[in-house]
Amino acid sequence: MRQFGLRQIILDDPSNLDQIHDIDMRGRTHIFWPHHHRHWILKWNHWNNYIVHGEMDQGLLHENSKYMQWYIHRTR
């Protein structure tokens, strides 16, 4: 968000999709895949509900801010 001049919020941890990426259709002809992945299909079809709107950032981001403390502990 900062790259667009918006105040950065603390984000939720991303979803781990490793299990889903390991699924293939071999030998699983009994599964109706659109129903099995309906949660992800709904998210994809309603992408416009996930557009981030934010406030314009008015100042510098200080090292002791709540966001920077979160950021420092999650990056290298």
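Residues numbered from 1 in each chain as written. Predicted model: local features only at pLDDT ≥ 70, side-chain atom pairs only at ≥ 80, totals over all residues. Heavy atoms only, no water.

A. Main features of the overall build of the protein. A tally of regular secondary structure across the protein gives four helices and zero strands. In the protein, the order of α-helices and β-strands from amino to carboxyl end is α-α-α-α. The C-alpha radius of gyration of the protein comes to 19 Å, more than 25% above the 11 Å expected for a compact globule of 76 residues. Along the first, second and third principal axes, the C-alpha set of the protein runs to 55 × 30 × 15 Å. Taken across its 76 residues, the protein has 11% of its residues classed as buried. The contacts of the protein with a sequence gap of at least 6 include a subset with a gap of at least 24, amounting to 55%. (Helix = DSSP H or I, 4+ residues; strand = E, 2+ residues; numbered from the N terminus. Rg over C-alpha atoms; globule rule 2.2 N^0.38 Å. Buried < 20%, exposed > 50% of the residue type's maximum accessible area, 1.4 Å probe, protein only. Contact = heavy atoms within 4.5 Å.)

B. Molecular detail of the pattern of salt bridges. If you walk through the whole model with that rule in mind, you get two salt bridges. Residue Asp57 is joined to Arg2 by a salt bridge in which the shortest nitrogen-to-oxygen separation is 2.7 Å. Of this pair, Asp57 sits in the loop between helix H3 (38–45) and helix H4 (66–72) while Arg2 sits in the segment before helix H1 (18–21); the two residues are 55 residues apart in sequence, bridging distant segments of the chain. The class for Asp57 is partly exposed, based on a relative accessible area of 26%. (Salt bridge = Lys/Arg side-chain N within 4 Å of Asp/Glu carboxyl O.)

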